Amino acid sequence: MNFQSKIAKSGESGDPHGFTNRRGQPLTRSGVMARLQWLAQAATPQCPSVADKRVTPYVIRHTTAMHLLQSGIDLSTIAFWLGHESIETTHKYMVADLQLKERALAKTASPQVPSGRYQPSEDILAFLAGL
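Rules behind the numbers
Numbers given to residues run from 1 along each chain, matching the order in which its sequence is written. Residue-level local features of this predicted model are given only where pLDDT is at least 70; pairs of side-chain atoms are given and counted only at 80 or more, and the full residue set underlies all totals for whole chains, interfaces and linings. Note that the side-chain values use all heavy atoms of the structure and ignore hydrogens as well as water. Secondary structure elements are defined from DSSP: runs of H or I of at least 4 residues count as helices, runs of E of at least 2 residues count as strands, and each element is numbered from the N terminus. For each residue, the accessible area found with a 1.4 Å probe, counting protein chains only, is set against the maximum for its type, and the residue is called buried under 20%, exposed over 50%, and partly exposed in between. Contacts are residue-level and defined by heavy atoms, with any inter-residue pair within 4.5 Å sufficient. Method for areas: the Shrake-Rupley scheme with a 1.4 Å probe, in which residue coverage is limited to the protein chains shown. Residues enter patches when their relative accessible area tops 30% and they take part in no salt bridge; the joining distance is 9 Å for like charges and 5 Å for the nonpolar side chains Val, Leu, Ile, Met, Phe, Trp and Tyr. Think of a salt bridge as a Lys or Arg side-chain nitrogen and an Asp or Glu carboxyl oxygen that are within 4 Å of each other. It is the directions from the helix axis to the C-beta atoms that the arc portrays. All axes are obtained by fitting lines to C-alpha atoms, using only the stretch in contact for helices, and the reported angles, taken between N-to-C directions, cover 0 to 180 degrees. If an angle is under 35 degrees, it is roughly parallel; if it is over 145, roughly antiparallel; if it lies from 65 to 115, roughly perpendicular; otherwise it is oblique. Two helices cross in a left-handed way if the nearer one is turned anticlockwise from the farther one by less than a right angle. They cross in a right-handed way if the turn is clockwise. Under this grouping Gly is polar, as are all residues other than the nonpolar Ala, Val, Leu, Ile, Met, Phe, Trp, Tyr, Cys and Pro and the charged Asp, Glu, Lys and Arg. As used here, the term nonpolar core means buried Ala, Val, Leu, Ile, Met, Phe, Trp, Tyr and Cys residues forming a set that is joined through side-chain atoms within 4.5 Å.

The next point concerns the overall build of the protein chain. Counting its secondary structure elements, the protein chain contains 6 helices and 0 strands. Along the protein chain, helices (α) and strands (β) appear in the sequence α-α-α-α-α-α when read from the amino end. The 131 residues of the protein chain split such that 16% are buried. Taking the contacts inside the protein chain whose residues are at least 6 apart along the sequence as the reference set, 28% of them involve residues at least 24 apart. On the protein chain, roughly 10,800 Å² of surface is accessible, and the fraction owed to carbon and sulfur atoms is 58%.

This is the structure in structure tokens:
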């Protein structure tokens, strides 16, 4: 049975844990890690960069929170969804997002435009004066 059919089967069973092991018991931490490692290996042929990544439940949680933030979801909603007692805990995602933007901007080349104030040519000034 492949992983997708296991997901479908666990959803049909009405099990409150969602994902169970072969014996029908809730997955342990090591069981979750084993599934994530298996999924990462299965994804590698289609996305080779996954092989160099460390995939953990925390990484998935953090990535989901970042995607919600970048999609414009309110920080307090994300805090509630993550189960944070304080919005201050969730604020680190906002800071991480700003740092991500700063790093991206640092990689871009500055425009090759002379700095300073725009100075129209005499022809343009003469044209405007004639209006």
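The grouping of Tyr118, Ile124, Phe127, Leu128 and Leu131 at the surface amounts to a nonpolar patch, some 610 Å² of accessible area in total. Within the element layout of this structure, Leu131 appears in the segment after helix H6 (122-129). The exposure class of Leu131 is exposed, given its relative accessible area of 74%.

What follows concerns helix H4 (residues 75-82). Turning to H4, its buried residues number three or more, namely Leu75, Ile78, Ala79 and Leu82. Buried residues in H4, looked at end-on, bunch into an arc of 100 degrees, giving them a common side. Among the exposed residues of H4, those pointing more than 90 degrees away from its buried face are Phe80 and Trp81. Directly after H4, the chain includes Gly83, whose backbone phi takes a positive value near 85 degrees.

Attention now moves to the packing of H4 against helix H5 (residues 87-107). Packing of H4 against H5 brings their axes to within 9 Å, and their N-to-C directions diverge by 115 degrees. Judged by the inter-axis angle, H4 sits roughly perpendicular to H5. In this structure, H4 meets H5 at a crossing whose hand is right-handed. Contact with H4, carried on its side by Leu75, Ser76, Ile78, Ala79 and Leu82, involves Ile87, Thr90, His91, Tyr93 and Met94 of H5 and no other residues of that element. Of the residues assigned to the contact of H4 with H5, the class counts are 7 nonpolar, 3 polar and no charged.

Ala65, Met66, Leu69, Leu75, Ile78, Leu82 and Tyr93 form the largest nonpolar core, which has 7 residues in total. Contributions of two or more residues to this core are made by helix H3 (57-70) and H4. Once you skip the residues sitting within four places of it in the chain, Leu82 turns out to touch Arg61, Ala65, Thr90 and Tyr93.

Just geometry here; none of it tells us what the structure is for.
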